[in-house]
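Survey of secondary and tertiary structure
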Protein chains: 2
Amino acid sequence: MKTVEIFCDGACSGNGKETNVGGWGAVLVYNGQKKELFGGEASTTNNIMELTAVIEALKSLKTTSLEVHIFSDSAYVVNCFREGWYRKWQLNGWRNSKKEPVENKLLWETLINLVASFAKVEFYKIKGHLNLDAPADIQKWYKKFNANNDLQFSLEEFIVVSTYNHLADELANKGMAPYK
Amino acid sequence: MKTVEIFCDGACSGNGKETNVGGWGAVLVYNGQKKELFGGEASTTNNIMELTAVIEALKSLKTTSLEVHIFSDSAYVVNCFREGWYRKWQLNGWRNSKKEPVENKLLWETLINLVASFAKVEFYKIKGHLNLDAPADIQKWYKKFNANNDLQFSLEEFIVVSTYNHLADELANKGMAPYK
RNA sequence: UGACACCAUUUUUU
DNA sequence: AAAAAATGGTGTCA
């Protein structure tokens, strides 16, 4: 079965303030080909943008007979699936551990359904703020990354992930460009 | 009769974990003079620290011919006296509403005896996490505070309470400083 | 069931 | 340095 790798990121300038603008971006890599998506909206949150990036990326795929690898720096997104938060939510009427209603329920339901529709989906947590500005020090950055990250990448994988994570971040910012 | 105002707070980094460190702090105001106390210990709980802050503050007073006002953000501490939990405990052999033994009995007994020894003691519940970082927006914070708090303060009182509550929090953190 | 604290984690920002 | 968006938990009581 073919594998798709999805690198996504979200941003929200003025998160928590009354007026704000958010953006999201995703890079999909399939069979050596690269697809870029991005978008944005006003009056949102950082977490909504992180969620939206994954949802829009999955929605853009034309077939579900795929193994999907999703890379995100959002514990909010990744842990929901890696730690099975969503199963508890479905069983207890969408209450979080503080007994309050789970936020962004509609987006979560959309994402859960999307994920279930694919042959296989795996979520990978990566660190935010990867730095590719010092290519000469790439080895240093690589060690630092592996020391701080659950995932352990080879040098080649690290460069790929960093590059695409960076690109996803740029796309997220592009998503709110008209407002910025 | 002279009045003493006591502002206290407790903290416990890693509360509920196997290894943790707690701290407590108290600010006493008497006759325009200010006294600061703090301390800390390992392997404790947030509630023990909240209790200890009040106990140590009262123990530090040299006379009991005083009216004492105690400000705390802990419902655990304040409601025991405002709602008279302690009287039920004394009558029913120190069982809580689930018929289980009341926790921290020794500390409670110490506190109850201390309180009884003073001419008059009143407990006031205040909200945690007061914010004094935006003095320009003090009016906004003041409204927000009074909207969310049982107590209603004048603006001047609010500033005093916020300041001392903040200070007590800093002292509590100072109490666990050597470990931090 | 409710309430108040105390934390842990990752982002997003100012 | 400090706040918001979100999740997970314990300490305690009624």
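On a predicted model such as this, the values are computed, not experimentally measured, just so you know.

All names here are of chain B. Residues V77, V78, N79, C80 and F81 constitute the buried set of helix 2 (residues 75-82). Packed against the buried residues of helix 2 are helix 1 (46-59), strand 4 (67-72), helix 3 (85-91), helix 4 (105-117) and strand 5 (120-125). Just downstream of helix 2, G84 is the residue with a positive phi angle, here 70°.

The next point concerns the sheet that holds strand 1 (residues 3-13) of chain A. All names here are of chain A. The strand order 3-2-1-4-5 describes an open sheet built from five strands, whose pairing is mixed. In the strand order of this sheet, the two ends are held by strand 3 (33-42) and strand 5 (120-125), each with one partner. Neighbour-to-neighbour, the strand axes of the sheet open up by a mean angle of 20°, direction not taken into account. Bridge count between strand 4 (residues 67-72) and strand 5: six bridges; the pairing is parallel. Following the sheet pairing, V68 is matched in strand 5 by V121. Docked against the sheet, helix 2 (residues 75-82) engages strand 4 and strand 5, running at close to 130° with respect to strand 5.

All names here are of chain B. With their axes 10 Å apart at the nearest point, helix 5 (residues 138-148) and helix 6 (residues 155-175) run at an angle of 90° to one another. Taken together, the axis directions place helix 5 and helix 6 in an arrangement best described as roughly perpendicular. Note on element contacts: helix 6 touches helix 5 through L155, F158 and I159, opposite I138, Q139, W141, Y142 and F145. Looking at the contact of helix 5 with helix 6 residue by residue, the classes come out as seven nonpolar, one polar and no charged.

Attention now goes to the packing of aromatic side chains. Counted according to the given criterion, the structure contains 23 aromatic pairs over all chains. On the numbers, 6.2 Å between centres and 50° between planes, the contact of B:W85 with B:W89 is tilted. Here the residue B:W85 and the residue B:W89 both occupy positions in helix 3, the gap between them amounting to four residues, near one helical turn. B:W89 gets classed as buried once you look at its relative accessible area, which sits at 10%. Through pairs of rings, three or more aromatic residues link up here, namely A:F7, A:F71, A:Y124, A:Y142, A:F145, A:F153, A:F158 and A:Y164. Lying over the aromatic face of A:W141, A:K144 brings its terminal NZ or CZ to 5.0 Å of the ring centre.

To continue, consider the protein's contact with RNA strand C. For RNA strand C, the set of nearby residues contains 33 residues, the closest of which are A:G128, B:C12, B:N46, B:E50 and B:D73. The contact in question runs from a sugar or linking oxygen of RNA strand C to an N or O atom on the backbone of B:C12, over 2.8 Å. Between RNA strand C and B:A75 there is a distance of 3.1 Å, counted from a sugar or linking oxygen to a backbone nitrogen or oxygen. At the level of secondary structure, the elements contributing two or more residues to the surface near RNA strand C comprise strand 1 and helix 1 (46-59) of chain A together with strand 1 (3-13) and helix 1 of chain B. The class makeup of the residues in the surface near RNA strand C is six nonpolar, 15 polar and twelve charged.

Criteria and cut-off values
Counting from 1, residues in each chain are numbered in the order their sequence is written. To read the labels, note that chains go from A and ligands from 1, taken in the order they are written. In view of the model being predicted, local features appear only for residues whose pLDDT reaches at least 70, and side-chain atom pairs are presented and counted only at 80 or more, with totals across whole chains, interfaces and linings using the full set of residues. Side-chain metrics in this entry use all non-hydrogen atoms of the structure; hydrogen atoms and water are not considered. Partly exposed residues are those whose accessible area sits between 20% and 50% of the maximum for their type, while under 20% is buried and over 50% is exposed, using a 1.4 Å probe and protein chains only. Only DSSP runs of H or I with at least four residues qualify as helices, and only runs of E with at least two residues qualify as strands; both kinds are numbered from the N terminus onward. In this analysis, two residues are considered to be in contact whenever any of their non-hydrogen atoms come within 4.5 Å of each other. A pair of strands is considered paired only if DSSP assigns at least 2 bridges between the two. In this analysis, axes come from line fits to C-alpha atoms, helices being fitted only over the stretch in contact, and the angle between any two N-to-C directions falls in the range 0 to 180 degrees. Any angle between 65 and 115 degrees counts as roughly perpendicular, while under 35 counts as roughly parallel, over 145 as roughly antiparallel, and the rest as oblique. Classification convention: Asp, Glu, Lys, Arg as charged; Ala, Val, Leu, Ile, Met, Phe, Trp, Tyr, Cys, Pro as nonpolar; all other residues, Gly among them, as polar. Within 6.5 Å between ring centres, the rings of Phe, Tyr and Trp (the latter by its six-membered ring) count as paired, and their orientation is classed by plane angle as stacked under 30 degrees, edge-to-face over 60, tilted in between. For a ring to carry a charge above it, either NZ of a lysine or CZ of an arginine must fall within 6 Å of the ring centroid while also lying within 35 degrees of the normal to the ring plane. Here a residue is near a molecule or strand as soon as one of its heavy atoms is found within 4 Å of it. Any pair of N or O atoms that falls within 3.5 Å is considered a polar contact. Within protein, one atom must be able to donate a hydrogen and the other to accept it, and sequence-neighbouring residues count only if both atoms are side-chain atoms.

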